[in-house]
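Commentary on secondary and tertiary structure
Single-letter residue listing:
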Amino acid sequence: MSAGFQAVQWNRSKIVYDSIMVGLTACYIGGYTLIAHKLAPVGKTPDWGDLRIAVFGSCAFLMITIILCIGPLARLDRRFLPLLANRRHLGVFTFFIAALHGWSIVDWFAVRDSLPDLVTELTTPSNYAKFIGFPIKALGIAALTVFFVMAATSHDFWLKFLSPAIWKWLHMAIYLAYGLLVMHVALGLMQDNRSPVVPIVLGLCFATVTTLHILAARHAQSSESEEKLPSNGWIAVGPPSSIPDQRARIVHAPDGERIAVFRDGDKIGAVTNVCAHQNGPLGEGKIINGCITCPWHGWEYRLDDGCAPPPFTEKIETYPVRINAGIVEVSVSPLPAGTPSAQEPSS
Amino acid sequence: MRVEHRKFHRRAWHVLSIIVTVGVILALWLRPPPDQPEPVQPAASEAR
């Protein structure tokens, strides 16, 4: 949790995650290269410059697609949460693969003494007025720039410096970058390569990301629609037994913010659903050793008062709770961060 | 996510997905036909 600057706070799960990530990427790059050589006409080896562009570009595109699927998958099925924990490692690594693709293109032009052609393509204004013929490398450069900014600000230092809200706004640019990449492929490779594989793979990737996001949104909206409207500033959550032990039910305040109502044995407390670290969904986490534990990165807060256990100093907003005729009710008005509010049925 | 992020996220995702879907369909629809191979001319010796 919060501490002085450390580049990466390595632990076993990060080492395993990164090892699998690097291993799978190496397998993809090796396999693609082998298959390209097998499929090449007899007596003709594939040009290494062209192959490099294709393998790094396709690898980076598939990695970005996987990254964008992790979020909604984790919302739909908790078994995908381990993929979410170190997603930023995957993002930084993807930037490096995408940068290798960009460098391969520049190198391709440099080897042929054609760098001025590359510059001309990017700086001719009339090219930008075309649809077919649009300078796709400009789309690629724009997407790579977004990835660079995201990779450069991926460390928790930037999260604290910018604040979680601004950091999140910045990192939502991933969606713009993905749109640019899809068009980069559609207006580039898909124009030159007449194989049906390209549009099929491109369409499948985009459709998968879109469908998963729609399903995750519907899943969230269906849970919202089941709730009762607040009465006199209190939302009825249900009997204490309706809250799973050491887990939470999430309810929605009229202003749209979500409240996580946790039960730890007989104790019931309500906190904001938003983790102070990266705005993760606290209500999807669980109570471990008396502390609410965020499912994304394991940040902890005491159920009693929303304070992180010492020596950490983070605090989150709490909400008053009461038991009214056997029904747990939570107030829609938050208390200042760190205010004790948990209740036991006897109190 | 905060409520502002969620609202923007839902709107932006819908708009972006429509734009990109239309873009990909247009890119497929408008791409020029593949170059036709030139007909092979018979060798002059075969013609004699």
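These remarks concern the structure in this document. All values derive from a computational prediction rather than experimental measurement.

1. With respect to the overall build of chain B
The helix and strand tally for chain B stands at 2 helices and 0 strands. Looking at chain B residue by residue over its 48 residues, the buried ones come to 25%. Split by element, the accessible area of chain B, about 4000 Å² in all, is 65% carbon and sulfur.

2. Quick look at the sheet that holds strand S8 (residues 318–319) of chain A
Taken together, the 4 strands give an open sheet; going across it, the order is S2-S3-S4-S8 (chain A), and neighbouring strands pair in antiparallel fashion. If you trace the sheet from one side to the other, it starts and ends with strand S2 (248–252) and S8 of chain A, each paired once.

3. Thoughts on the pattern of salt bridges
Residues and elements named next belong to chain A. With the rule as written, the count across this model stands at 10 salt bridges over all chains. For the salt bridge of glutamate 314 with lysine 160, the shortest nitrogen-to-oxygen distance reads 3.9 Å. Here lysine 160 lies in helix H7 (residues 156–162) and glutamate 314 lies in the loop between strand S7 (300–302) and S8, a separation of 154 residues in the sequence. Glutamate 314 gets classed as buried once you look at its relative accessible area, which sits at 9%. In this structure lysine 160 comes out as exposed when scored by relative accessible area, which is 59%. The residue aspartate 305 makes a salt bridge to arginine 302 at a minimum N-O spacing of 3.2 Å.

4. Here we look at the nonpolar core
Formed by 64 residues in total, the largest nonpolar core has its most connected members in Phe61, Phe147, Tyr178, Val182, Leu202 and Phe262 of chain A together with Val24 of chain B. Tallying contributions element by element places helix H2 (residues 48–76) of chain A first for this core, with 12 residues. Judged by nonpolar contacts, the second largest core, of 13 residues, contains Ile259, Ile268, Tyr319 and Val321 of chain A.

5. With respect to unusual backbone geometry
Residue and element names in this part refer to chain A. The omega torsion across proline 310 and proline 311 is 10°, close enough to zero to call that bond cis. Mapped onto the elements of the fold, proline 311 is located in the loop between S7 and S8. One non-glycine residue, asparagine 279, lies in positive phi territory at about 60°. Its place among the elements puts asparagine 279 in the loop between strand S4 (267–272) and strand S5 (286–288). Phi at alanine 325 takes a positive value of approximately 55°, unusual for a residue other than glycine. Within the secondary structure, alanine 325 is located in the loop between strand S9 (321–324) and strand S10 (327–331).

6. With respect to the packing of aromatic side chains
Scanning the entire structure with this criterion turns up 12 aromatic pairs over all chains. Each ring, one from tyrosine 175 of chain A and one from tryptophan 13 of chain B, has its centre 5.1 Å from the other, and the planes form 65°; the classification is edge-to-face. Here the residue tyrosine 175 of chain A occupies a position in helix H9 (residues 174–186), and tryptophan 13 of chain B occupies one in helix H1 (residues 3–30), the pair thus bridging two chains. Per residue, the accessibility class of tyrosine 175 of chain A equals that of tryptophan 13 of chain B, and both read buried. On the basis of an interplanar angle of 20° and a centroid distance of 6.4 Å, the ring pair of tyrosine 178 of chain A and phenylalanine 206 of chain A is categorised as stacked. Of this pair, tyrosine 178 of chain A sits in helix H9 while phenylalanine 206 of chain A sits in helix H11 (residues 197–225), and the two are 28 residues apart along the sequence. An identical accessibility class is assigned to tyrosine 178 of chain A and phenylalanine 206 of chain A; each is buried. One aromatic cluster in this structure is built from Phe61, Tyr178 and Phe206 of chain A.

7. A word on the interface of chain B and chain A
Chain B puts 24 residues into the contact, and the matching count from chain A is 33 residues. Interface area for chain B against chain A, summed over the two sides, is near 2700 Å², with a carbon-plus-sulfur share of 67%. Counting the contacts that link chain B with chain A gives 0 salt bridges. Here chain B and chain A share 4 residue pairs in polar contact (both at pLDDT 80 or more) between them. For the side of chain B that touches chain A, a count of residues per class yields 14 nonpolar, 5 polar and 5 charged.

8. With respect to the environment of isoleucine 243 of chain A
Residues and elements named next belong to chain A. Its location among the elements puts isoleucine 243 in the loop between strand S1 (234–238) and S2. Spatially, the C-alpha atom of isoleucine 243 lies 35 Å from that of threonine 65, the residues being 178 residues apart in sequence. Setting aside anything within four residues of it in sequence, one finds isoleucine 243 in contact with Val237, Ala248, Arg249, Val261, Phe262, Arg263 and Val328.

9. A look at the state of the cysteines
Residue and element names in this part refer to chain A. Summed over all chains, the structure comprises 0 disulfides over all chains. Cysteine 59 carries a free sulfur, and the closest cysteine sulfur to it, the one in cysteine 27, is 11 Å from it. What makes cysteine 59 buried here is its relative accessible area of 4%. Here cysteine 294 stays unpaired: no disulfide links it, and the sulfur of cysteine 275, its closest cysteine neighbor, is 3.9 Å away. Residue classification places cysteine 294 among the buried residues on the basis of a relative accessible area of 5%.

10. Remarks on a nonpolar patch on the surface
Among the surface-exposed residues, Phe131 of chain A together with Ile18, Val22, Leu26, Trp29 and Leu30 of chain B lie close enough to one another that they form a single nonpolar patch of about 620 Å² accessible area. Examined against the element boundaries, phenylalanine 131 of chain A turns out to sit in the loop between helix H5 (115–123) and helix H6 (136–152).

What counts, and at which threshold
- Residues numbered from 1 in each chain as written.
- Chains lettered and ligands numbered in written order.
- Predicted model: local features only at pLDDT ≥ 70, side-chain atom pairs only at ≥ 80, totals over all residues.
- Heavy atoms only, no water.
- Helix = DSSP H or I, 4+ residues; strand = E, 2+ residues; numbered from the N terminus.
- Buried < 20%, exposed > 50% of the residue type's maximum accessible area, 1.4 Å probe, protein only.
- Areas by Shrake-Rupley, 256 points an atom, 1.4 Å probe, with all protein chains shown as cover.
- Pairing = 2+ DSSP bridges.
- Salt bridge = Lys/Arg side-chain N within 4 Å of Asp/Glu carboxyl O.
- Core = buried A, V, L, I, M, F, W, Y, C linked by side-chain atoms within 4.5 Å.
- Phe/Tyr/Trp six-rings, centres within 6.5 Å; stacked < 30°, edge-to-face > 60°.
- Contact = heavy atoms within 4.5 Å.
- Buried area = accessible area lost by both parts, 1.4 Å probe.
- Polar contact = N/O pair within 3.5 Å; in protein donor to acceptor, adjacent residues only side chain to side chain.
- Nonpolar A, V, L, I, M, F, W, Y, C, P; charged D, E, K, R; others polar.
- Disulfide = S-S within 2.5 Å.
- Patch = residues over 30% accessible without salt bridge, like charges linked within 9 Å, V, L, I, M, F, W, Y side chains within 5 Å.

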